[in-house]
Amino acid sequence: MDKLVICGGNRLEGTIPISGAKNAALTLIPCALLTEEPVTLRNLPRLADIDGFQHLMNQFGVTTVIQGTRPQDFGRVMSLEAPRITSSVAPYDLVRKMRASILVLGPMLARMGEATVSMPGGCAIGNRPIDLHLKALEAFGARIELAQGYVKAMAPDGGLPGGDFDFPVVSVGATENAVMAAVLASGTCRLFNAAREPEIVDLCNLLSAMGAEIEGIGTSDLTIHGVRRLHGATYRVMADRIEAGSYACAAAITGGEVFLDGARADEMHATLTALRLIGVEIEERRGGIAVHADGPLKATDLTTAPYPGFATDMQAQMMALLCRAEGTSVLKETIFENRYMHVPELRRMGADIATEGRTAIVKGVARMTGAEVMATDLRASFSLVIAGLAAEGETVVRRLYHLDRGYERLEEKLQLVGADIERVADD
Ligand code: UD1
(Lines give C-alpha, C1' and ligand atoms only; values in the text may rest on other atoms or scores of the structure.)
Protein backbone atom coordinates (compact mmCIF):
# COMPACT_ATOMS: atom_id res chain seq x y z
CA MET A 1 0.00 0.00 0.00
CA ASP A 2 1.17 3.55 -0.74
CA LYS A 3 1.99 6.25 1.76
CA LEU A 4 2.49 10.00 1.46
CA VAL A 5 5.76 11.55 2.53
CA ILE A 6 5.57 15.29 3.18
CA CYS A 7 8.43 17.64 4.06
CA GLY A 8 6.79 20.61 5.70
CA GLY A 9 7.70 24.26 5.35
CA ASN A 10 7.10 25.09 1.68
CA ARG A 11 4.80 28.03 0.97
CA LEU A 12 2.06 26.99 -1.46
CA GLU A 13 1.81 29.26 -4.46
CA GLY A 14 0.03 28.87 -7.79
CA THR A 15 -3.15 27.38 -9.20
CA ILE A 16 -4.95 24.25 -8.02
CA PRO A 17 -7.59 22.80 -10.36
CA ILE A 18 -10.73 21.80 -8.44
CA SER A 19 -12.34 18.52 -9.47
CA GLY A 20 -15.98 17.54 -9.80
CA ALA A 21 -17.69 16.93 -6.47
CA LYS A 22 -17.49 13.37 -5.15
CA ASN A 23 -20.69 13.67 -3.13
CA ALA A 24 -22.58 15.10 -6.08
CA ALA A 25 -21.25 12.40 -8.43
CA LEU A 26 -22.37 9.68 -6.03
CA THR A 27 -25.97 10.82 -6.29
CA LEU A 28 -25.89 11.75 -9.99
CA ILE A 29 -24.65 8.33 -11.14
CA PRO A 30 -27.65 6.35 -9.78
CA CYS A 31 -29.99 8.71 -11.70
CA ALA A 32 -29.06 6.62 -14.75
CA LEU A 33 -31.26 3.88 -13.24
CA LEU A 34 -34.29 6.13 -13.79
CA THR A 35 -34.28 6.08 -17.60
CA GLU A 36 -33.70 3.77 -20.54
CA GLU A 37 -31.80 6.51 -22.32
CA PRO A 38 -28.11 7.39 -21.81
CA VAL A 39 -27.10 9.79 -19.04
CA THR A 40 -23.73 11.39 -19.67
CA LEU A 41 -21.86 12.96 -16.78
CA ARG A 42 -18.99 15.35 -17.45
CA ASN A 43 -16.37 16.47 -14.94
CA LEU A 44 -16.63 13.24 -12.92
CA PRO A 45 -13.70 13.01 -10.52
CA ARG A 46 -11.35 10.04 -10.89
CA LEU A 47 -11.75 8.46 -7.49
CA ALA A 48 -11.91 5.01 -5.98
CA ASP A 49 -15.50 5.66 -4.78
CA ILE A 50 -16.62 6.52 -8.31
CA ASP A 51 -15.00 3.35 -9.69
CA GLY A 52 -16.82 1.39 -6.96
CA PHE A 53 -20.15 2.95 -7.88
CA GLN A 54 -19.56 2.27 -11.56
CA HIS A 55 -18.97 -1.38 -10.68
CA LEU A 56 -22.23 -1.47 -8.70
CA MET A 57 -24.13 0.01 -11.66
CA ASN A 58 -22.60 -2.62 -13.96
CA GLN A 59 -23.96 -5.31 -11.62
CA PHE A 60 -27.47 -3.98 -12.30
CA GLY A 61 -26.92 -4.33 -16.04
CA VAL A 62 -26.11 -0.66 -16.65
CA THR A 63 -23.48 -0.21 -19.35
CA THR A 64 -20.88 2.43 -18.63
CA VAL A 65 -18.57 3.98 -21.19
CA ILE A 66 -15.71 6.28 -20.27
CA GLN A 67 -15.18 8.74 -23.09
CA GLY A 68 -11.74 9.68 -24.38
CA THR A 69 -10.02 11.61 -21.68
CA ARG A 70 -6.25 11.84 -21.58
CA PRO A 71 -4.44 10.40 -18.56
CA GLN A 72 -3.04 13.81 -17.66
CA ASP A 73 -6.50 15.40 -17.46
CA PHE A 74 -8.33 15.76 -14.20
CA GLY A 75 -11.88 14.46 -14.39
CA ARG A 76 -13.51 12.37 -17.10
CA VAL A 77 -16.76 11.83 -18.95
CA MET A 78 -18.92 8.77 -18.34
CA SER A 79 -22.03 7.66 -20.21
CA LEU A 80 -24.37 5.33 -18.39
CA GLU A 81 -27.16 3.49 -20.17
CA ALA A 82 -29.77 1.25 -18.59
CA PRO A 83 -32.20 0.06 -21.29
CA ARG A 84 -32.87 -3.06 -19.19
CA ILE A 85 -32.07 -3.61 -15.54
CA THR A 86 -30.95 -7.17 -14.85
CA SER A 87 -30.84 -7.16 -11.04
CA SER A 88 -32.35 -5.02 -8.32
CA VAL A 89 -30.13 -6.27 -5.48
CA ALA A 90 -27.17 -4.32 -4.04
CA PRO A 91 -25.15 -6.98 -2.23
CA TYR A 92 -23.48 -6.68 1.17
CA ASP A 93 -19.97 -6.86 -0.18
CA LEU A 94 -20.34 -3.72 -2.28
CA VAL A 95 -22.44 -1.72 0.19
CA ARG A 96 -20.02 -2.55 3.02
CA LYS A 97 -17.13 -1.04 1.05
CA MET A 98 -19.08 2.00 -0.07
CA ARG A 99 -21.86 3.44 2.08
CA ALA A 100 -23.17 5.60 -0.75
CA SER A 101 -24.48 2.42 -2.44
CA ILE A 102 -27.62 2.97 -0.36
CA LEU A 103 -28.40 5.70 -2.90
CA VAL A 104 -29.58 3.10 -5.42
CA LEU A 105 -32.57 2.27 -3.21
CA GLY A 106 -34.78 5.21 -4.29
CA PRO A 107 -34.12 5.15 -8.05
CA MET A 108 -34.26 1.37 -8.28
CA LEU A 109 -37.60 1.33 -6.43
CA ALA A 110 -38.91 4.01 -8.79
CA ARG A 111 -37.84 2.21 -11.96
CA MET A 112 -38.41 -1.45 -11.02
CA GLY A 113 -41.11 -1.23 -8.35
CA GLU A 114 -38.78 -2.97 -5.93
CA ALA A 115 -35.22 -2.80 -4.65
CA THR A 116 -33.15 -4.85 -2.22
CA VAL A 117 -30.12 -3.20 -0.66
CA SER A 118 -27.83 -4.46 2.07
CA MET A 119 -27.98 -2.36 5.25
CA PRO A 120 -24.72 -0.38 5.34
CA GLY A 121 -24.01 -0.75 9.08
CA GLY A 122 -21.88 1.69 11.09
CA CYS A 123 -18.74 3.41 9.90
CA ALA A 124 -15.71 5.12 11.37
CA ILE A 125 -17.48 8.41 12.05
CA GLY A 126 -20.62 7.09 13.72
CA ASN A 127 -23.64 4.79 13.59
CA ARG A 128 -25.13 6.40 10.49
CA PRO A 129 -28.59 4.78 10.51
CA ILE A 130 -30.81 4.74 7.40
CA ASP A 131 -34.16 4.96 9.19
CA LEU A 132 -35.01 8.30 7.56
CA HIS A 133 -34.36 6.94 4.05
CA LEU A 134 -36.88 4.20 4.76
CA LYS A 135 -39.45 6.42 6.49
CA ALA A 136 -39.49 8.87 3.58
CA LEU A 137 -40.06 6.04 1.08
CA GLU A 138 -42.81 4.63 3.30
CA ALA A 139 -44.47 8.03 3.43
CA PHE A 140 -44.57 7.98 -0.38
CA GLY A 141 -46.35 4.59 -0.30
CA ALA A 142 -43.51 2.03 -0.35
CA ARG A 143 -43.65 -1.15 1.74
CA ILE A 144 -40.39 -1.88 3.55
CA GLU A 145 -39.20 -5.24 4.85
CA LEU A 146 -35.98 -5.93 6.72
CA ALA A 147 -34.51 -9.43 6.63
CA GLN A 148 -31.04 -10.98 6.89
CA GLY A 149 -29.32 -7.63 6.92
CA TYR A 150 -31.11 -6.44 3.78
CA VAL A 151 -33.78 -3.81 3.17
CA LYS A 152 -36.42 -4.64 0.61
CA ALA A 153 -38.56 -1.77 -0.63
CA MET A 154 -41.64 -2.42 -2.75
CA ALA A 155 -44.01 -0.06 -4.56
CA PRO A 156 -47.66 -0.87 -5.31
CA ASP A 157 -48.55 -1.73 -8.94
CA GLY A 158 -48.54 1.50 -10.91
CA GLY A 159 -45.75 3.06 -8.82
CA LEU A 160 -45.53 5.05 -5.61
CA PRO A 161 -48.79 6.93 -4.99
CA GLY A 162 -46.97 9.85 -3.29
CA GLY A 163 -47.34 11.55 0.09
CA ASP A 164 -45.68 13.96 2.50
CA PHE A 165 -42.63 13.51 4.72
CA ASP A 166 -41.24 15.93 7.30
CA PHE A 167 -37.63 15.13 8.21
CA PRO A 168 -37.09 15.20 12.01
CA VAL A 169 -33.33 15.54 11.34
CA VAL A 170 -31.81 16.98 8.16
CA SER A 171 -30.29 14.15 6.13
CA VAL A 172 -28.46 14.57 2.85
CA GLY A 173 -28.62 10.92 1.80
CA ALA A 174 -32.25 10.41 2.83
CA THR A 175 -33.27 13.55 0.90
CA GLU A 176 -31.43 12.28 -2.18
CA ASN A 177 -33.02 8.83 -2.00
CA ALA A 178 -36.48 10.31 -1.47
CA VAL A 179 -36.14 12.71 -4.42
CA MET A 180 -34.90 9.97 -6.75
CA ALA A 181 -37.81 7.72 -5.69
CA ALA A 182 -40.37 10.51 -6.10
CA VAL A 183 -39.63 11.60 -9.67
CA LEU A 184 -41.43 8.60 -11.21
CA ALA A 185 -44.28 8.45 -8.63
CA SER A 186 -47.86 8.28 -9.87
CA GLY A 187 -48.77 11.22 -7.60
CA THR A 188 -47.12 14.13 -5.83
CA CYS A 189 -44.47 13.78 -3.10
CA ARG A 190 -43.61 16.57 -0.70
CA LEU A 191 -40.56 16.83 1.54
CA PHE A 192 -40.27 19.24 4.45
CA ASN A 193 -37.04 20.08 6.30
CA ALA A 194 -35.16 18.46 3.43
CA ALA A 195 -31.40 18.92 3.13
CA ARG A 196 -30.46 21.75 0.76
CA GLU A 197 -26.77 21.11 0.23
CA PRO A 198 -25.51 22.27 -3.20
CA GLU A 199 -25.11 18.58 -4.11
CA ILE A 200 -28.88 18.20 -3.74
CA VAL A 201 -29.42 21.18 -6.01
CA ASP A 202 -27.09 19.45 -8.50
CA LEU A 203 -29.19 16.28 -8.22
CA CYS A 204 -32.43 18.19 -8.77
CA ASN A 205 -30.94 20.03 -11.74
CA LEU A 206 -29.92 16.78 -13.44
CA LEU A 207 -33.34 15.25 -12.74
CA SER A 208 -35.04 18.37 -14.15
CA ALA A 209 -32.86 18.09 -17.26
CA MET A 210 -34.15 14.49 -17.53
CA GLY A 211 -37.75 15.73 -17.45
CA ALA A 212 -38.58 15.59 -13.71
CA GLU A 213 -40.95 18.15 -12.20
CA ILE A 214 -39.44 19.49 -8.98
CA GLU A 215 -40.48 22.68 -7.18
CA GLY A 216 -38.54 24.42 -4.42
CA ILE A 217 -35.03 23.46 -5.62
CA GLY A 218 -32.45 24.90 -3.20
CA THR A 219 -34.96 25.22 -0.35
CA SER A 220 -35.86 22.82 2.45
CA ASP A 221 -39.38 22.21 1.11
CA LEU A 222 -39.49 20.22 -2.10
CA THR A 223 -42.57 19.27 -4.12
CA ILE A 224 -42.08 16.58 -6.73
CA HIS A 225 -44.83 15.83 -9.23
CA GLY A 226 -44.19 12.33 -10.54
CA VAL A 227 -43.88 11.91 -14.31
CA ARG A 228 -44.42 8.73 -16.37
CA ARG A 229 -40.93 8.58 -17.76
CA LEU A 230 -37.62 10.39 -17.75
CA HIS A 231 -35.28 10.82 -20.70
CA GLY A 232 -31.50 10.95 -20.99
CA ALA A 233 -29.37 14.05 -20.42
CA THR A 234 -25.82 15.34 -20.48
CA TYR A 235 -24.76 17.08 -17.31
CA ARG A 236 -21.63 18.62 -15.79
CA VAL A 237 -20.93 17.64 -12.16
CA MET A 238 -20.57 20.68 -9.86
CA ALA A 239 -17.16 21.65 -8.46
CA ASP A 240 -16.16 19.98 -5.22
CA ARG A 241 -16.68 22.59 -2.51
CA ILE A 242 -15.09 20.37 0.15
CA GLU A 243 -11.99 19.70 -1.95
CA ALA A 244 -11.71 23.45 -2.61
CA GLY A 245 -12.09 24.24 1.11
CA SER A 246 -9.48 21.61 1.95
CA TYR A 247 -6.90 23.19 -0.39
CA ALA A 248 -7.77 26.63 0.96
CA CYS A 249 -6.82 25.40 4.44
CA ALA A 250 -3.66 23.79 3.06
CA ALA A 251 -2.58 27.06 1.41
CA ALA A 252 -3.47 29.12 4.47
CA ILE A 253 -1.43 27.04 6.92
CA THR A 254 1.68 27.61 4.76
CA GLY A 255 1.04 31.37 4.50
CA GLY A 256 0.53 30.76 0.81
CA GLU A 257 -1.32 32.28 -2.10
CA VAL A 258 -3.31 29.99 -4.40
CA PHE A 259 -6.08 30.22 -6.95
CA LEU A 260 -8.72 27.49 -6.62
CA ASP A 261 -9.59 27.08 -10.28
CA GLY A 262 -13.24 26.18 -10.77
CA ALA A 263 -14.33 26.66 -7.12
CA ARG A 264 -17.64 28.43 -6.56
CA ALA A 265 -17.80 30.95 -3.72
CA ASP A 266 -21.61 30.97 -3.61
CA GLU A 267 -21.58 27.30 -2.55
CA MET A 268 -18.87 27.75 0.11
CA HIS A 269 -20.13 30.66 2.14
CA ALA A 270 -19.65 29.15 5.62
CA THR A 271 -16.14 27.86 4.85
CA LEU A 272 -15.05 31.18 3.34
CA THR A 273 -16.51 33.11 6.28
CA ALA A 274 -14.55 30.89 8.69
CA LEU A 275 -11.34 31.43 6.71
CA ARG A 276 -11.84 35.20 6.73
CA LEU A 277 -12.39 35.14 10.52
CA ILE A 278 -9.12 33.21 10.82
CA GLY A 279 -7.41 36.03 8.94
CA VAL A 280 -7.20 34.54 5.46
CA GLU A 281 -7.88 36.85 2.53
CA ILE A 282 -10.47 35.43 0.16
CA GLU A 283 -11.28 36.96 -3.18
CA GLU A 284 -13.94 35.74 -5.53
CA ARG A 285 -12.58 35.96 -9.07
CA ARG A 286 -13.89 34.92 -12.45
CA GLY A 287 -13.68 31.13 -12.63
CA GLY A 288 -12.49 30.52 -9.10
CA ILE A 289 -11.42 31.78 -5.69
CA ALA A 290 -8.11 33.38 -4.69
CA VAL A 291 -6.79 32.54 -1.21
CA HIS A 292 -4.01 34.57 0.36
CA ALA A 293 -2.63 34.19 3.88
CA ASP A 294 0.40 36.22 4.83
CA GLY A 295 -0.58 37.60 8.23
CA PRO A 296 -0.99 35.77 11.53
CA LEU A 297 -3.81 33.24 11.81
CA LYS A 298 -6.41 33.98 14.47
CA ALA A 299 -8.43 31.55 16.58
CA THR A 300 -12.15 31.23 15.88
CA ASP A 301 -15.09 29.16 17.10
CA LEU A 302 -16.95 26.87 14.70
CA THR A 303 -20.02 24.65 15.01
CA THR A 304 -20.96 22.19 12.29
CA ALA A 305 -24.51 22.31 10.93
CA PRO A 306 -26.47 21.30 7.83
CA TYR A 307 -26.05 23.58 4.80
CA PRO A 308 -25.88 26.58 4.71
CA GLY A 309 -24.12 26.08 8.07
CA PHE A 310 -20.48 25.08 8.50
CA ALA A 311 -20.00 21.63 6.93
CA THR A 312 -18.99 18.66 9.06
CA ASP A 313 -16.88 17.61 6.06
CA MET A 314 -14.68 20.71 6.64
CA GLN A 315 -14.29 20.32 10.41
CA ALA A 316 -11.08 18.25 10.47
CA GLN A 317 -9.27 20.38 7.88
CA MET A 318 -10.23 23.62 9.63
CA MET A 319 -9.11 22.15 12.96
CA ALA A 320 -5.66 21.41 11.50
CA LEU A 321 -5.43 25.04 10.38
CA LEU A 322 -6.54 26.33 13.80
CA CYS A 323 -3.76 24.31 15.46
CA ARG A 324 -1.42 27.04 14.17
CA ALA A 325 -3.67 30.05 14.92
CA GLU A 326 -3.02 32.49 17.76
CA GLY A 327 -5.41 31.90 20.67
CA THR A 328 -7.98 29.28 21.59
CA SER A 329 -10.66 27.97 19.23
CA VAL A 330 -13.72 25.95 20.26
CA LEU A 331 -15.13 23.52 17.71
CA LYS A 332 -18.45 21.70 18.08
CA GLU A 333 -19.44 18.75 15.95
CA THR A 334 -23.22 18.40 15.86
CA ILE A 335 -23.71 16.07 12.87
CA PHE A 336 -21.71 12.91 13.64
CA GLU A 337 -20.94 11.48 17.07
CA ASN A 338 -17.42 10.26 16.43
CA ARG A 339 -15.67 12.69 14.17
CA TYR A 340 -12.54 13.60 16.11
CA MET A 341 -10.30 10.68 15.14
CA HIS A 342 -7.74 13.09 13.74
CA VAL A 343 -7.24 14.67 17.18
CA PRO A 344 -4.86 12.08 18.68
CA GLU A 345 -2.83 12.11 15.45
CA LEU A 346 -2.63 15.92 15.34
CA ARG A 347 -1.53 15.81 18.98
CA ARG A 348 1.31 13.49 17.99
CA MET A 349 2.44 16.29 15.69
CA GLY A 350 2.51 18.76 18.58
CA ALA A 351 -1.04 20.16 18.49
CA ASP A 352 -2.69 21.21 21.74
CA ILE A 353 -6.27 19.90 21.49
CA ALA A 354 -8.59 18.70 24.24
CA THR A 355 -11.93 17.04 23.50
CA GLU A 356 -14.97 16.63 25.64
CA GLY A 357 -17.85 14.85 23.98
CA ARG A 358 -18.65 16.76 20.82
CA THR A 359 -16.51 19.79 21.72
CA ALA A 360 -12.84 20.25 20.84
CA ILE A 361 -10.72 23.02 22.34
CA VAL A 362 -7.78 23.91 20.16
CA LYS A 363 -4.99 26.05 21.58
CA GLY A 364 -2.77 27.39 18.83
CA VAL A 365 0.89 26.37 18.94
CA ALA A 366 3.85 28.12 17.34
CA ARG A 367 5.32 24.98 15.82
CA MET A 368 4.34 21.46 14.90
CA THR A 369 6.65 18.60 14.08
CA GLY A 370 6.42 15.86 11.47
CA ALA A 371 5.42 12.34 12.54
CA GLU A 372 4.14 9.04 11.17
CA VAL A 373 0.37 9.31 11.25
CA MET A 374 -2.74 7.69 9.84
CA ALA A 375 -6.46 8.31 9.98
CA THR A 376 -9.61 6.29 9.70
CA ASP A 377 -11.63 8.54 7.42
CA LEU A 378 -11.27 10.73 4.39
CA ARG A 379 -11.41 14.26 5.80
CA ALA A 380 -9.42 13.31 8.92
CA SER A 381 -6.68 12.01 6.60
CA PHE A 382 -6.58 15.32 4.73
CA SER A 383 -6.28 17.22 8.00
CA LEU A 384 -3.03 15.32 8.62
CA VAL A 385 -1.75 16.36 5.19
CA ILE A 386 -2.52 20.01 6.07
CA ALA A 387 -0.67 19.71 9.37
CA GLY A 388 2.23 17.99 7.60
CA LEU A 389 2.61 20.87 5.14
CA ALA A 390 3.32 23.24 8.03
CA ALA A 391 5.17 20.87 10.36
CA GLU A 392 8.93 20.86 10.80
CA GLY A 393 10.54 17.80 9.26
CA GLU A 394 8.95 14.78 7.64
CA THR A 395 5.35 13.60 7.98
CA VAL A 396 4.34 10.18 6.70
CA VAL A 397 0.59 9.64 6.15
CA ARG A 398 -0.49 6.01 5.91
CA ARG A 399 -3.80 4.37 4.89
CA LEU A 400 -3.94 6.36 1.70
CA TYR A 401 -7.00 4.52 0.45
CA HIS A 402 -9.14 6.95 2.44
CA LEU A 403 -7.64 9.92 0.59
CA ASP A 404 -7.94 8.13 -2.75
CA ARG A 405 -11.66 7.73 -2.10
CA GLY A 406 -12.18 11.47 -2.11
CA TYR A 407 -9.26 13.56 -3.43
CA GLU A 408 -8.34 13.24 -7.09
CA ARG A 409 -4.53 12.90 -7.35
CA LEU A 410 -3.93 15.12 -4.36
CA GLU A 411 -0.16 14.80 -4.35
CA GLU A 412 -0.03 16.03 -7.96
CA LYS A 413 -2.24 19.00 -7.16
CA LEU A 414 -0.11 19.91 -4.14
CA GLN A 415 3.10 19.50 -6.14
CA LEU A 416 1.69 21.96 -8.70
CA VAL A 417 1.78 24.67 -6.02
CA GLY A 418 5.18 23.81 -4.64
CA ALA A 419 4.54 21.32 -1.84
CA ASP A 420 7.25 18.78 -1.08
CA ILE A 421 5.00 15.72 -1.14
CA GLU A 422 5.49 12.30 -2.65
CA ARG A 423 3.51 9.10 -2.91
CA VAL A 424 5.75 6.13 -2.27
CA ALA A 425 5.12 2.40 -2.03
CA ASP A 426 4.99 1.29 1.59
CA ASP A 427 6.80 -1.97 2.17
C1 UD1 B 1 -23.56 12.97 3.47
C2 UD1 B 1 -22.19 13.06 2.84
C3 UD1 B 1 -21.11 13.17 3.93
C4 UD1 B 1 -21.43 14.31 4.88
C5 UD1 B 1 -22.86 14.22 5.40
C6 UD1 B 1 -23.29 15.39 6.23
C7 UD1 B 1 -22.37 11.82 0.78
C8 UD1 B 1 -21.99 10.61 0.01
N9 UD1 B 1 -21.95 11.89 2.04
O10 UD1 B 1 -23.59 11.77 4.23
O11 UD1 B 1 -19.85 13.40 3.29
O12 UD1 B 1 -20.54 14.26 5.97
O13 UD1 B 1 -23.79 14.11 4.29
O14 UD1 B 1 -23.16 16.57 5.49
O15 UD1 B 1 -22.99 12.73 0.27
N16 UD1 B 1 -29.25 10.19 10.07
C17 UD1 B 1 -30.21 9.47 10.72
N18 UD1 B 1 -31.01 8.62 10.00
C19 UD1 B 1 -30.88 8.51 8.64
C20 UD1 B 1 -29.91 9.25 7.98
C21 UD1 B 1 -29.10 10.11 8.71
O22 UD1 B 1 -30.35 9.55 11.94
O23 UD1 B 1 -31.64 7.73 8.04
C24 UD1 B 1 -28.36 11.10 10.82
C25 UD1 B 1 -26.88 10.71 10.71
O26 UD1 B 1 -26.54 9.71 11.63
C27 UD1 B 1 -26.19 12.01 10.96
C28 UD1 B 1 -27.15 13.04 10.35
O29 UD1 B 1 -28.41 12.38 10.23
O30 UD1 B 1 -26.11 12.25 12.36
C31 UD1 B 1 -26.74 13.57 8.99
O32 UD1 B 1 -26.43 12.48 8.13
P33 UD1 B 1 -26.67 12.55 6.55
O34 UD1 B 1 -26.92 13.96 6.17
O35 UD1 B 1 -27.70 11.55 6.19
O36 UD1 B 1 -25.26 12.09 6.00
P37 UD1 B 1 -24.98 11.18 4.72
O38 UD1 B 1 -26.01 11.42 3.68
O39 UD1 B 1 -24.73 9.78 5.15
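Nothing here was measured: the structure is a model prediction, and the numbers come from that model.

Moving on to the domain arrangement of the protein chain. You can read the domains of the protein chain as domain 1 (2-18 + 239-425) and domain 2 (22-236). On a C-alpha basis, the centres of domain 1 and domain 2 stand 30 Å from each other. Summing both sides of the interface, domain 1 and domain 2 together bury roughly 2,000 Å²; the carbon and sulfur share of this comes to 54%. Taken together, the connections running from domain 1 to domain 2 amount to 2 salt bridges. Where glutamate 199 meets arginine 241, a salt bridge forms, and the shortest distance between an N and an O atom there is 2.8 Å. Put simply, domain 1 and domain 2 have 8 residue pairs in polar contact (both at pLDDT 80 or more) between them. For the side of domain 1 that touches domain 2, the secondary structure elements donating two or more residues are helix H12 (378-390), helix H13 (401-406) and helix H14 (410-416). The dominant element in the side of domain 1 that touches domain 2, judged by the number of residues it contributes, is H13, at 3 residues. Taken together, the residues of the side of domain 1 that touches domain 2 break down into 8 nonpolar, 3 polar and 14 charged.

Taken together, 17 residues lie around the ligand, and Asp131, Leu132, Ser171, Asp313 and Ile335 are the ones closest in. Leucine 132 places a polar main-chain atom, nitrogen or oxygen, 2.7 Å from an oxygen atom of the ligand. In the environment of the ligand, an oxygen atom lies 3.4 Å from a nitrogen or oxygen atom belonging to the side chain of arginine 339. Relative to its unbound accessible area of 740 Å², the ligand is 83% covered by the protein chains. Listed by contribution, the elements that provide at least two residues to the shell around the ligand are helix H5 (131-139) and helix H6 (172-182). Ranked by residue count, the leading element in the shell around the ligand is H5, at 3 residues. Split into classes, the residues belonging to the shell around the ligand amount to 8 nonpolar, 5 polar and 4 charged. Looking at which domains feed residues into the shell around the ligand, each of domain 1 (2-18 + 239-425) and domain 2 (22-236) supplies at least three.

Glancing now at H5. The α-helix advances 3.6 residues per turn, and as a result positions three or four apart in sequence lie on the same side. Within H5 the residues assigned to the buried category are Leu132, His133, Leu134, Ala136 and Leu137. Considering only its buried residues, H5 is in contact with helix H4 (105-112), strand S8 (143-147), strand S9 (150-154), strand S10 (163-166) and H6. Immediately downstream of H5, the backbone of glycine 141 shows phi near 110 degrees, a positive value.

In the structure shown here, the tally under the stated rule is 2 cavities of 30 Å³ or more. Each pocket or cavity is described by its volume, and for the largest cavity that value is around 60 Å³. Lining of the largest cavity is provided by Arg241, Ile242, Glu267, Met268, His269, Ala270, Thr271, Tyr307, Gly309, Phe310 and Ala311. Of all the secondary-structure elements, those providing two or more residues to the lining of the largest cavity are helix H8 (241-253) and helix H9 (269-278).

As enumerated under the stated definition, the model contains 4 aromatic pairs in all. Taking 4.9 Å as the distance between ring centres and 90 degrees as the angle between the ring planes, the aromatic pair formed by phenylalanine 165 and phenylalanine 167 counts as edge-to-face. For the pair phenylalanine 165 and phenylalanine 167, one class covers both residues: buried. Judged by centre distance (6.5 Å) and plane angle (80 degrees), the ring pair of tyrosine 247 and tyrosine 407 falls under edge-to-face. One end of the pair, tyrosine 247, is in helix H8; the other, tyrosine 407, is in the loop between H13 and H14, and 160 residues separate them in sequence. Classification of tyrosine 407 as buried rests on a relative accessible area of 1%. By way of ring pairs, the aromatic residues Tyr247, Phe382 and Tyr407 are connected into one cluster. We note arginine 409 situated over the ring of phenylalanine 74; from NZ or CZ to the ring centre the distance is 4.4 Å.

Cut-offs used in this document
- Residues numbered from 1 in each chain as written.
- Predicted model: local features only at pLDDT ≥ 70, side-chain atom pairs only at ≥ 80, totals over all residues.
- Heavy atoms only, no water.
- Domains from an automatic or database assignment.
- Buried area = accessible area lost by both parts, 1.4 Å probe.
- Salt bridge = Lys/Arg side-chain N within 4 Å of Asp/Glu carboxyl O.
- Polar contact = N/O pair within 3.5 Å; in protein donor to acceptor, adjacent residues only side chain to side chain.
- Helix = DSSP H or I, 4+ residues; strand = E, 2+ residues; numbered from the N terminus.
- Nonpolar A, V, L, I, M, F, W, Y, C, P; charged D, E, K, R; others polar.
- Near = heavy atom within 4 Å.
- Areas by Shrake-Rupley, 256 points an atom, 1.4 Å probe, with all protein chains shown as cover.
- Buried < 20%, exposed > 50% of the residue type's maximum accessible area, 1.4 Å probe, protein only.
- Contact = heavy atoms within 4.5 Å.
- 1 Å grid on protein atoms, 1.4 Å probe; cavity = no way out; pocket = protein on both sides within 12 Å on 5 of 7 lines; lining within 4 Å.
- Points joined across faces, edges and corners; volume = space filled by probe spheres on them.
- Phe/Tyr/Trp six-rings, centres within 6.5 Å; stacked < 30°, edge-to-face > 60°.
- Lys NZ or Arg CZ within 6 Å of the ring centre and 35° of its normal.

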